[in-house]
Amino acid sequence: QRPPTMSPFRKLAFVYNSEKPGAAELAPDLLEIARQGGAKKLKLSGDRRLPRSFFKDCDACCVIGGDGTLLGAVRGAAEADIPIIGVNHGSLGFLTTFSADEARAQFAALLEGDYRIARRALLDCKTGPRRSDVALNDVLVKDAKPSRIVRLEVFANDKLVTEYTCDGLIFSTPTGSTAYNLAAGGPIIHPQAEVIAMTPICPHTLSNRTIIFRNDVKLRVVNGTAGSRLLVAMDGQRNMVVTEGAPVEISMDRRTLAFAQRRDYSHYEVMRAKLKWSGGLLEKRVPRAVSRSRG
């Protein structure tokens, strides 16, 4: 039985990466589809530095570009509590799940409610009074000076975990587990798992490996390197510099980010395609069986 349709989208913000070939041409095409479908309010921007009010009074945001373009829209979409429709015009495209052809073919139906919502966890990062930000993928903590080793103490719910001597620490959501976390040797985590992964970068102790924390943990990072400042990066998009001795606090944010996906979206299908995994013996045998039955 087909599930009921979701609420239609009538007020949309379009964000495209003007540096990605084809993105500037696709954006007005999708905007026109939305207009013909009865959209009442449309916004279009090719600037990745969006004002905080850009998503105000919208009920969805369509991002056309790569994962970096989508990550730039995370904070605004989360604050407005609207879903993101990700259209891939980049390279890898873990987060932007629609191809350009799929978007053109399916956009009208999607706007009418033919989609499903997937909620993704966000990290909240505080570096001082009234200094906080959110991340969909990860929070990176490292020395503000490039290539400098740091000594970092990590506390979980005020209990000391350990002290790291390393190039930095990556705090990752399940969504971000296939990003910097994976490149640093961390595990792949299903996006619906309610955990935080902490992965050290080039640790000096071989037993320092990724630690998986529950989603209700309150983490605190203290810089133990005298005379140094920390660089704290959210999703590789926004940076904060922390003065010597000031802690960095990381926890799961109370908000989540919504993705509007096609109904038959499969996380494992995406993993196989993006990471070049095998399709499996059954999938390889089915076409041959069909071919033999027709012969």
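Predicted model only: the values in this text are computed from it and were never measured.

When helices and strands are counted, the chain shows 6 helices and 16 strands. On C-alpha atoms alone, the chain measures out to a radius of gyration of 21 Å, which is about the 19 Å that the 2.2 N^0.38 rule sets for 295 residues. When its C-alpha atoms are laid out on the principal axes, the chain stretches across 65 × 55 × 35 Å. Taken across its 295 residues, the chain has 46% of its residues classed as buried. Summarising the internal contacts of the chain: among those between residues at least 6 apart in sequence, 68% fall at separations of at least 24.

All chains considered together, the criterion is met by 16 salt bridges. Where Lys41 meets Asp57, a salt bridge forms, and the shortest distance between an N and an O atom there is 3.8 Å. Taken together, the residues Lys41 in strand β2 (residues 41–45) and Asp57 in the loop between β2 and β3 (60–65) connect sequence positions 16 residues apart. For Lys41, a relative accessible area of 28% corresponds to the partly exposed category. A residue is classified by how much of its surface remains accessible, and Asp57, at 46% relative accessible area, is partly exposed. Note that Arg263 and Asp114 form a salt bridge whose closest N and O atoms lie 2.6 Å from each other.

As a further point, take the nonpolar core. Counting residues in hydrophobic clusters, the biggest one holds 29 residues, and the most contacted among them are Val139, Val141, Phe171, Val248 and Ile250. Among the elements that make up this core, the one with the highest residue count is strand β8 (residues 150–156) (4 residues). If sequence neighbours within four positions are ignored, Val248 has contacts with Cys125, Lys126, Thr127, Val141, Leu219, Arg220, Val221, Leu230, Val232 and Val242. Counting 24 residues, the second largest nonpolar core, distinct from the first, contains Ala39, Ala100, Tyr115 and Ala260.

Moving on, we get to the side chain of Arg262. Its place among the elements puts Arg262 in the loop between β16 (248–261) and α5 (267–275). At a separation of 2.7 Å, a polar atom in the side chain of Arg262 contacts the side chain of Asp264.

Looking now at the packing of aromatic side chains. Here the structure, examined in full by the defined rule, presents 3 aromatic pairs. Ring centres 4.6 Å apart and planes at 20° place the aromatic pair Phe9 and Tyr115 in the stacked group. In this pair, Phe9 sits in the segment before β1 (11–16) while Tyr115 sits in the loop between α3 (100–111) and β5 (116–128), placing the two residues 106 residues apart along the sequence. In this pair, the class of Phe9 matches that of Tyr115, namely buried. With a centroid separation of 6.0 Å and 50° between ring planes, the pair formed by Phe14 and Phe107 is classed as tilted.

Taken in spatial order, the 6 strands line up as β12-β11-β10-β7-β14-β15 in an open sheet, and their pairing is antiparallel. Single-partner strands in this sheet number two, and they are β12 (211–214) and β15 (238–242). Here the strands of the sheet are splayed against their neighbours by 20° on average, with no regard to which way each runs. By the bridge criterion, 5 bridges tie strand β14 (residues 230–234) to β15 in an arrangement that is antiparallel. Following the sheet pairing, Met234 is matched in β15 by Arg238.

On to α3, then. Look at α3: 16 Å from first C-alpha to last across 12 residues, which is about the 16 Å you get at 1.5 Å a residue. Taken together, the buried positions of α3 are occupied by Ala100, Ala103, Phe107, Leu110 and Leu111. Summarising the axial view, the buried residues of α3 lie within an arc of 85°, below the 170-degree limit, and thus occupy one face. Every exposed residue of α3 that faces more than 90 degrees away from the buried side is listed here: Asp101 and Ala105. Tucked into the core, α3 has its buried residues touching β1, α1 (23–36), β3 and β4 (84–88). Two residues or fewer after α3 comes Gly113, characterised by a positive phi angle close to 115°.

What counts and how
Residues numbered from 1 in each chain as written. Predicted model: local features only at pLDDT ≥ 70, side-chain atom pairs only at ≥ 80, totals over all residues. Heavy atoms only, no water. Helix = DSSP H or I, 4+ residues; strand = E, 2+ residues; numbered from the N terminus. Rg over C-alpha atoms; globule rule 2.2 N^0.38 Å. Buried < 20%, exposed > 50% of the residue type's maximum accessible area, 1.4 Å probe, protein only. Contact = heavy atoms within 4.5 Å. Salt bridge = Lys/Arg side-chain N within 4 Å of Asp/Glu carboxyl O. Core = buried A, V, L, I, M, F, W, Y, C linked by side-chain atoms within 4.5 Å. Polar contact = N/O pair within 3.5 Å; in protein donor to acceptor, adjacent residues only side chain to side chain. Phe/Tyr/Trp six-rings, centres within 6.5 Å; stacked < 30°, edge-to-face > 60°. Pairing = 2+ DSSP bridges. Axes fitted to C-alpha atoms, helices over the stretch in contact; angles between N-to-C directions. Expected span 1.5 Å × (residues − 1). Arc of directions from axis to C-beta.

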